[in-house]
Structures are given as structure tokens and as C-alpha cells.
Amino acid sequence: MIIDITDKQYEEKMVVLMALHEVVDPELGINIVDLGLVYNIEIEESSKTISLEMTLSTPSCPLGGIITGHVKIAVEQAMPGFDTIVDLVWEPRWNYDRISEAGRAMLDS
Amino acid sequence: MMPPDEHRPLKRTILPYYAAAAVSFVVVALLCLVSGTEFTGHYFNPKLLAITHLFILGWGTIMIFGASNQLMPVLTERKLYSELIPQYVFALMLMGIPLLVYSFWNFTLTWTIYLGGILVIAGMALHAINIFRTSKKVKDNIATEFMLSAHLWLLVTAIIGFTLLVNFRILFLSRDHLEYLKLHATIGMAGWFLQLIIGVSSKLIPMFLISGYENKKCLNIIYYCLNLGLIIFLLEGFMNNSLMGKLIPSAIIMTSMVSYGIYVRQCYKHAIKKHLDAGMKQTFIALALLSIPFVLLFINLLVKGEVSPKLVTAYGFAFFGGFISVIIMGQTFKTLPFIVWMHITKRDELPEMLPKDLYHEKWVSWQMYIYLFSYTAFLSGILLSQTKLIHIGASCMLIAASWYCVHVLLIMNKLRRK
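A. Quick look at the nonpolar core. Counting residues in hydrophobic clusters, the biggest one holds 186 residues, and the most contacted among them are Leu20, Ile41 and Val71 of chain A together with Phe323 and Tyr404 of chain B. Of all the elements, helix H11 (residues 309–344) of chain B adds the most residues to this core, at 21 residues. Beyond its immediate sequence surroundings of up to four residues, Ile41 of chain A is in contact with Met1, Ile3, Lys13, Val16, Leu17, Leu20, Ile50, Ser51 and Leu52 of chain A.

Next up, the structure:
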């Protein structure tokens, strides 16, 4: 996921994105950002809410609850005072093309 | 949308299977050691029947049942139909297999063997019902099709086996017992084990290698060739039992296997993760070992024009001791640490370790080196009728199996310490 530098909340979103690097896919051993699982980040200052749109590699992934739980912990540690809402979406469906160059390098190391 | 945690099966539907299979593997190795001399004789003898059934049921089938309880929800994207059935299945298999193996070992054709057979068939039927109900209404999913037809062939194999047991007491089959035994063995090998492993690996190999390669056409060819070959083999075996009737389905099944080899090769070629861990290396070694039983069979047919009893023993050992055991040993360390990690990791705490930290990668490699040495020695011992080689092979197999078993139990022990 790439955050537009002209975005008004660029800095805050980058903090969230960096925090999400702490959440690692247990099988592949790389973080969910480089794996391409995070689709969108919205920060609502007035309601102190961070909404995340993300997916899983497959809808039947048995780790869904664990990963979303870890996402909440990582984001709320990085942005104290904010509530995190994780919305799992299946469209567009995740595929291997979503893995970043850094992710590919980590996978093949 | 809520996270799909409901797809995660209970650990008691999976882990007891892994533990029982690991222990069975040690017992198989021990029995191979104490009855090593039997492997130089005819394959139809009580000790070999007992060892083979413990190998196939206690080690291979129990492990596959446990793994399939974890994998079916992933393959079908559905919750397991029942989480109670796997617990009944486990109890039935745990009672039935020892009765069956004990009776074969002593060749006591009394109630114990029949009760054992009935319990095992009941366990298999219940497991198959759970798999079929889980995949109900799943469409356009070739991996699931492989799973379903493999379970059908498993039931066919078990029914033929039980019919043979009945025929020991009440002679009603028209032809030689050994002819039906070949059918029982071949359908079990190709219909159950091979088909199931191909189906599951068609999904797991691209998943583990992060390979974007997809070829439904190739998978369909593999599926239809394998099943067509098996149906012809079964019908021919019961009706004509001619040499041509064996060669035609064998050629069709071989086409299927060659296509599978091409499929796996393409998956690797398109993989993002080309660096293989110990578990995946073993999977590829197992796939290479799959060719050995067929090479043996082919050479024997070419040189002698018939299959000798010694070669049947070698062929069976090469299949179960090679392909099946090596793939199970490798995949254990791809699946078990993941399953255990899933149950020890808390949602509200970032984990300190990953599944790869729950096992020793070097142990996996050393277990395999020892096992491959034991396999080579044991197989050479059978082919050369050298009991010393068989004993060396069985001793090393016992070391590798015990190490593997300890490793599996240590991983599971992490659950107690959470």
C-alpha cells in the first residue's frame, strides 16, 4: 500500500503503516504490509477512530481472528487514544502480485 | 466483516491424530527390526501383513485424517461439518487398528480381526461422511474433488480388504487370494494415498512456494486419468484379470503422474519463494522417490517378464517407506507448528515467536538424512535378500522415527506451557 505524500494525514497514516509492519504472517514470516494485505487506512480525528480495510490471503484463513487482533494491538500502541476498526474485505481478492518488491526479496532470502 | 475464526477446527480434532501417527511410526520401525528376516521371504506372511497395515493405517491414514480435518476448511472455505465426528473416528481407529495388527501378527482369524476390521471401516466411513458434508455444494474446486474421490477409493479398498478377511473363513471368491490382494493394495496406493496427496499438494505446494501458477486443465487431466485408470483396473481385476487389462490402466495412471510432475515443476518455476525450508525439501525428495517403485516394477517386467514376490515387497516398501513416509515427515513440520502456534497465540498480544520457532529446522534435516539412509539400506536389503542390510536399515529407521516422534511431541508440549 502506498500513501500519497499530498494526503493531509500523510504523517499519521505513515505511523499506522509502520506499526502494521509489526504484524507478521506466521507462515510466510513477512509483515502484512509487504504481503499486500492492507488496502486502505482512514483516520477520523473527531471520533478518534482508525478504520483499516484489509484482506487475508484466503477467506478461509484460520488465522483471521488472530491477525486482526494483532492489527488492532499494533495500531493502538502506535496511536494511543484511538480506536481501531478492522474491516475484512474480499474484493479485490488478494493475489501474489500484491506482494511488494521488499516482500519478494524477504521471501526468497 | 467478522474474521473467519469459525473455520479454525478444535485442536482435539487434529492433534491426537498427529501424536498417534508418530507413535505408530516408531512401532512400525520396531516391528521391521524384530522381523527383518521376514522381508526376504514371500510378502504374504503374517508379520508383513501386520507391519503393512500398521504402516498404512496407523501411520499414513491416521496422519492424513488429522491433517485433512485441518485442511478441509481451508480447501472448501467452509467450517468442518462436525467437530465431534473426528473424535469418534479417532476412538474407532485407535481400537480397530491394534486389533487388526495384533491379529495379523499372530494370524488369528478369530473375532479380533473381524472386530478390528469393522471398527476401522466404521471410522473411515464416518471420516468420509464428515469430509463429504463439509464439501457439500462446493463447486469448481478440483482439490476438493481429489479429496472426495480419494475417500471413495479408501472405502472401496477397505471393503475389498474386509471381503478378503471374510474369504479366509468362508471361501467364496473364485480366484486366487493374491489376485484380489493386488487389487486391494493398488487401489489403496493409487486411489487413496496418491490421489489425496496430489489433491492436497495441488493447493499447498503453490501456497507454500507462493507460486502464482494455475493450470486447471492440467489438474483435470491428472484427476480424470487417475480415476479412469483405477476404474479400469478394478473392473478388469474382477472380470478378466488379463495382462493387457493391467497395462492399459497402468499407462493411464502413469500419464496422470507425469502430468502431476510437470504441474509441480511449473509451480516451482513460477514460485516467488524458491528458497526451500527443510519441510519443503523433503516434500520434493518424496516426489522424486515416487518414481522408484514404478522404476523397479518396470525393470522387473522388462527383465523377467513377471513380477516376483520379492519385487512386490520392495515395491510396497518403496511406496510407503519412501514416498508416503518422507512426504508425511516433511509436511508434519509445515503444518504442526502452524497449528500449535494458532492455538497458543493470543489475539490481544503481539507474538514473541512464529511457527518456525516452535521446531528445530536442523533436527528435521538430520531426521531425514538418517531416514533416507535407512530407506536405501532397507530397500537394498529386500532386493538383494540381505538380512544384515535390512537390520541396518530398520535400526536407522527406528532412530529416525523415534527422533521424529520426540520432535512432534515436543512441539505439542508447547500447548501445555501456554
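B. Molecular detail of the packing of aromatic side chains. All names here are of chain B. Per the stated rule, a full pass over the model turns up 27 aromatic pairs over all chains. Look at Phe25 and Trp59: their rings are 4.0 Å apart centre to centre, the planes differ by 5°, and that puts the pair in the stacked class. Here Trp59 lies in helix H2 (residues 46–76) and Phe25 lies in helix H1 (residues 15–34), a separation of 34 residues in the sequence. Trp59 shares its class with Phe25; the two are buried. With a centroid separation of 5.7 Å and 55° between ring planes, the pair formed by Phe319 and Phe323 is classed as tilted. Within this pair, Phe319 and its partner Phe323 are both found in helix H11, separated by 4 residues, close to a single helical turn.

C. The interface of chain B and chain A, seen in detail. Contacts between the two partners involve 34 residues from chain B, matched on the other side by 33 residues from chain A. Buried area between chain B and chain A, summed over both chains or domains, comes out near 2800 Å², and the portion from carbon and sulfur atoms is 67%. Put simply, chain B and chain A have 2 salt bridges between them. Two residues, Glu27 of chain A and Lys334 of chain B, come together in a salt bridge whose shortest N-O distance is 3.3 Å. Elements that contribute at least two residues to the side of chain B that touches chain A include exactly H2, helix H6 (177–209) and H11 of chain B. At 4 residues, H11 of chain B tops the list of elements feeding residues into the side of chain B that touches chain A. Considering only residue class, the side of chain B that touches chain A consists of 18 nonpolar, 6 polar and 10 charged.

D. Region of the structure containing the environment of Leu204 of chain B. Residues and elements named next belong to chain B. Structurally, Leu204 is set in helix H6. Between the alpha carbons of Leu204 and Leu75 there is a distance of 9.4 Å; along the sequence they are 129 residues apart. With residues up to four places along the chain from it excluded, the contact list for Leu204 reads Leu71 and Gln331.

About the cut-offs
Residues numbered from 1 in each chain as written. Chains lettered and ligands numbered in written order. Predicted model: local features only at pLDDT ≥ 70, side-chain atom pairs only at ≥ 80, totals over all residues. Heavy atoms only, no water. Core = buried A, V, L, I, M, F, W, Y, C linked by side-chain atoms within 4.5 Å. Buried < 20%, exposed > 50% of the residue type's maximum accessible area, 1.4 Å probe, protein only. Helix = DSSP H or I, 4+ residues; strand = E, 2+ residues; numbered from the N terminus. Contact = heavy atoms within 4.5 Å. Phe/Tyr/Trp six-rings, centres within 6.5 Å; stacked < 30°, edge-to-face > 60°. Buried area = accessible area lost by both parts, 1.4 Å probe. Salt bridge = Lys/Arg side-chain N within 4 Å of Asp/Glu carboxyl O. Nonpolar A, V, L, I, M, F, W, Y, C, P; charged D, E, K, R; others polar.

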